Structures are given as C-alpha cells and as structure tokens.
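What the coordinates show
Residues per chain are reported as follows:
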Amino acid sequence: MKPSLPQGTRDFAPEIVYKRAYILNTIKSVFELYGFQPLETPAMENIDTLMGKYGEEGDKLIFKILNNGLDNTDKAEKTKSGFANILDGKTDKNITERALRYDLTIPFARFVAMNRGTLVFPFKRYQIQPVWRADRPQKGRYREFYQCDADVVGSDSLLYEVELAQIYATAFSKLKVPVEIHVNSRKLLTALAESCGAAEKLTSITIAIDKLDKIGLEKVKEELAGRGLDEKQIDIVEKYLSIEGSNTEKLNQLAELFAGNESAKKGLDEINFLLNHLTSNIGKSIVVDQTLARGLDYYTGIIFEVKAVGVQMGSIGGGGRYDNLTGLFGVSGVSGVGVSFGIDRIFDVIEELQLFPEEAANKCKIIFLNLGESEGEKAFELATSLREQGIAAEVYPDVTKFDKQFSYAKKKDFQYVVIIEQKELDSDTCNVKDLTNNEQQIVAMTDIVPFFQGKQDIS
RNA sequence: GAGUUUGUAGCUCAGCUGGUUAGAGCGUCGGAUUGUGGUUCCGAAGGUCGUGGGUUCGAAACCCAUCAGACUCCCCA
C-alpha cells in the first residue's frame, strides 16, 4: 500500500521538532515565571462536554469517535435507531459518545468545574496540547494542531490582564520576534452598540468589526447593513472605527465619543489600568486598538491580539477576559482571563525572519569512522566511554570506503570526525578533525574523554 | 458544505496540436580513480503515467466518473 497521512495532519521531522521545542520551551518558561502550572487533559472528551459549546458550525467540526461494538447483534435495534438520528443530523450516544478535543478552553472549564472543591483559586494553568477540527485544511490551517493557552480563573483582578500582557511581551522578546500587542475592551463595543441604540445587535456588530482587517471598511459597512443596521447606526460605527492616533489620543477621542456611557467608562478604565501598570519597555509594544473585536462572543472585558511586526501574517496570539466560563458546567460566578499563542504561525514567523538559534537542534557532534574490524571495535569502545560521560557520539556502523563515511559526516553535519586507522591503533592515539576549521589533532586514546569535555560546544 | 487546481521514478519536474520501446536532474546502489572532504568517469536498479470507465487504428495527453493533495470561500487558530 501507498503510505499516506490523513488530510490536514503532519509529521514533524527531527529538525522541526527541535525548532518547535525551542518555541514551546521558551513560552513555557515564561508561564512558569508567572506561577502558571501545567495541565493536561485527555485527547477525547465525552461528546456532551463539547457539543453545543462552539456554535452550530463548531458542532459540525468536532471529530466524533465511533463507538465500539456496533456490530453487537444484541444492540441491533438501538444501533439502527441511533443511525436514523445520525442521518437526521443529530448525534446519538448509541453510535458515538466520545469526541476529540476541539480546543483547550472547554476541557479546562470542565476540569475547573469538576475540581472546584479542591482547586485553590485563583487557579493559574497553562496547557499545550494538540486539538482536532474536521475543517477543510488550507494554508496554515490543519485538522490537527497545537494550542498553547494560559488562563487564570477565580479572580476579577485586572492585575492578571497586566500579567498576561507582560507574558506576551516577555515571551516574544525572548523569541526575538518584534510584536504589537493590540488591546481593546469588549465594554467599548458594548458602548458602541448602546450608542447605536442597538444593544441587542452587539454580537452582529462585533462579528462585522472583527473582519475589518480582512475585508476593509466598506465591506464591513455592507455587512452591518446586511445585519439590519440603518445608515445612522452605521455612521456611528464608522466614526468609531476611524479613530486614529497615539494610544492616549485614541483613548481621549473614545472618551469623548462615548461621554456619559457607563460601559465605555468601565472599558476605558480597564485599558488605562493596564497601560498604567506596564513598564514603559513593555508598554511601547501595546497598541490600543478599538477596532479589535475577536470573534468569540464569550469575552466580556479586555481583549488581546498579537501581531508580528514586519511579517505578512495574521495574529499570532489572542485572548481576553471572560465571565462565567464554567457556568456551562453548573459552576457560575467564576471569572477568568487567558491568552493563547498560535504556535504554528509563530513557527512560520520565526522561520521567515530566520530567528531560530543554531542550538535549536541539539545534535550529536562527534562521529567515529569505522575503518576496519579492530579499528571499528576501538572506535566503539571510545564512543561508549564518551557516552558514559554524557557526551553524545556516533560510530559509523559499517566498514566502508573512507569517502563514503566522510561524506556521511558532512551530510549529517557532525563537527568532529574521529579517525582511527592502523597507524593510530599502533600508537594508541586518534586523529580528531574539526570540520569547522579543518584542523586536525592527535589525541591519546586515554585522553579522548577529557579532550571533548574541554570543548565548550559539546554538551 | 461550495469552488479552483494538481496528480508521470524515492524527490523535483519535462513529455510539443494524441503517434514507435515514457525522459532529465538529484538521490540510491555497484565499479574505477582520489585512498583526510561533497570530486571526476563508467554502469545499474527504479514507473500498473493516482484509480476506473469511455472516445480512437492508437491515450500520459481528449471526455466522464472516482480517489488523493494543495489552495480559496464559509468559519476559525
């Protein structure tokens, strides 16, 4: 059979794994620095946990897992009626009762709700795991991909918004990716809907504004009209969207536009609090962006979106404050705020900007050539003694032509080639060649371990 | 769910308006040379032209269907 991969999934070759690990470890270390702790949840959840949480479209994109034992004749009746439901577009527990995780947020909410008695609040967790969506893949979108989330639940404190902004700034600065952190408050959007006299159209307005980046102002206006806003209302939205200037200028104009509006005041207070608690170093990458909306409608306060500077790429991170996430699981009044890192896009950005460090690939740097039976034996012995001291080394497995072995060493990018021929055997030495500068050195076999231990670049 | 597009050797691709035994480069393997650098030379292996139908004297090429990938829309990360 022809080997192939399910649509929208990927293998990660060694070089890629190293690079991804570099990104993940960097972000992880920042999470830990702020006291976030790791959480892992199962790849699959009960289907009820997921269904109905992501909207009608979302339900369709959940990968359902077929129950085992559907061929059990004792259950034939149930199975058949179950299939009738499936054909009707419903789900049925007789056919499927589990599904692959669609994101990390709902499983987290489920976890918090289940363990509310024993968790210490505020609970700060980060989670880096794959999720699955039955979407049609396209550029930068896969059916299996990783999400990297950090959330804190059980506190209303705006200091957490500040922490999360710091986490974004610190992580991307460690990764050397220049970013803008766009910030807005959903309360300003509420204020906008209110001043249009269309509070009930908040979601419609939010969804339309969210597309501004992609489709432009005119199309947004068309969309708003399509969603039932009249000209006067659209004018207000347009006025709101066209506010420009520095952060302070924007905030002043917004205060003016929404003078007397309670929601707006709260929203502006949130943003000001955030700005006032950031060091100027971090503050300079913050962009107040009242056009930021975020598609998901569970956000209630500050929202974030991170954009790489100088790269044509959508957002590489996003998040915000949400109230009552666990309400879905019968636990209400738990406020949370979280951020997410778009690992795959971050990877692409770092690749494009060529910012991956050399050491991202933690390669074995020493190869012993195998130039004869007893020569090879000796080489293997010496390699073993290096390995015992924690120094990675490889031995060419077969006695073949020198050329072939050397070219293997070049292709796999070894730094040191250790050559042992009869001459070396006779004198209990080895010939160590450094391929970075082509210098050769005769090293006594008994000195091989200290020799490499003395090399800074060997871990 | 809808659309566009591609499918020929392990990889990247040629293959003209249908016309003998389907080619190249790279890679792989073998040999010679060099026997401390990717060289050079010689040679070899490797293809049901995605699959199934159809048109034709003749199909990798044209038509239909089907499968798979890539991309776009919807939606999202």
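Throughout this description, residue numbers start from 1 for each chain and increase along the sequence as written. Chains carry letters and ligands carry numbers; both start at the beginning, A for chains and 1 for ligands, and go up in the order they are written. Per-residue local features of the predicted model are confined to residues with pLDDT of at least 70, and side-chain atom pairs are confined, for both listing and counting, to 80 or more; whole-chain, interface and lining totals are unaffected and use all residues. The side-chain values count all of the structure's non-hydrogen atoms but skip hydrogen atoms and water molecules.

**Side note on the overall build of chain A**
The helix and strand inventory of chain A stands at 18 helices and 16 strands. Values of the radius of gyration come from C-alpha atoms, whereas the globule rule sets the reference at 2.2 Å times the count of residues to the power 0.38. Relative to the 2.2 N^0.38 estimate, which gives 23 Å for 459 residues, the radius of gyration of chain A is 29 Å and therefore markedly larger than a compact globule would have. Along the first, second and third principal axes, the C-alpha set of chain A runs to 95 × 70 × 45 Å. Of all 459 residues assigned to chain A, the portion counted as buried reaches 46%. Pairs at least 24 residues apart make up 68% of the contacts formed inside chain A by residues separated by at least 6 positions. Using a 1.4 Å probe, accessible areas were evaluated by the Shrake-Rupley method; residue-level cover was limited to the displayed protein chains. Of the accessible surface of chain A, which amounts to about 23,800 Å², a share of 49% is contributed by carbon and sulfur atoms. In this description a helix means any DSSP run of H or I spanning at least four residues, a strand means any run of E spanning at least two, and both kinds are numbered starting from the N terminus. Only protein chains enter the accessibility calculation, which uses a 1.4 Å probe; a residue is then buried when its area is under 20% of its type maximum, exposed when over 50%, and partly exposed in between. A contact between two residues is defined here by any heavy atoms of the two lying within 4.5 Å.

**Quick look at the nonpolar core**
Counting residues in hydrophobic clusters, the biggest one holds 73 residues, and the most contacted among them are Ile-23, Ile-27, Phe-172, Phe-304 and Phe-341. Considering each element in turn, this core owes the most residues, nine residues, to helix 6 (residues 159-174). Here, nonpolar core means buried Ala, Val, Leu, Ile, Met, Phe, Trp, Tyr and Cys residues that are tied together by side-chain atoms lying within 4.5 Å of each other.

**Here's the deal with the packing of aromatic side chains**
Ring pairs shown here join Phe, Tyr and Trp side chains whose ring centres sit within 6.5 Å, with only the six-membered ring taken for Trp; geometry is labelled stacked below 30 degrees between planes, edge-to-face above 60, and tilted in between. The full count for this structure, using the stated rule, is 20 aromatic pairs. Consider the rings of Tyr-396 and Tyr-408, whose centres lie 5.2 Å apart with planes at 85°: the pair is edge-to-face. You can see Tyr-396 sitting in the loop between strand 13 (394-395) and helix 16 (402-411) and its partner Tyr-408 sitting in helix 16, a full twelve residues away along the chain. Judged by its relative accessible area of 24%, Tyr-408 is partly exposed.

**Observations concerning helix 5 (residues 105-114)**
Since the α-helix turns once every 3.6 residues, residues separated by three or four places project in the same direction. For helix 5, a buried count of nine out of ten residues is recorded, marking the element as mostly surrounded by other parts of the structure. Buried within helix 5 are the following residues: Thr-105, Ile-106, Pro-107, Phe-108, Ala-109, Arg-110, Phe-111, Val-112 and Ala-113. Check the buried side of helix 5 and you find it contacts strand 2 (44-46), helix 2 (47-50), strand 5 (123-132), strand 6 (144-153) and strand 10 (317-322).

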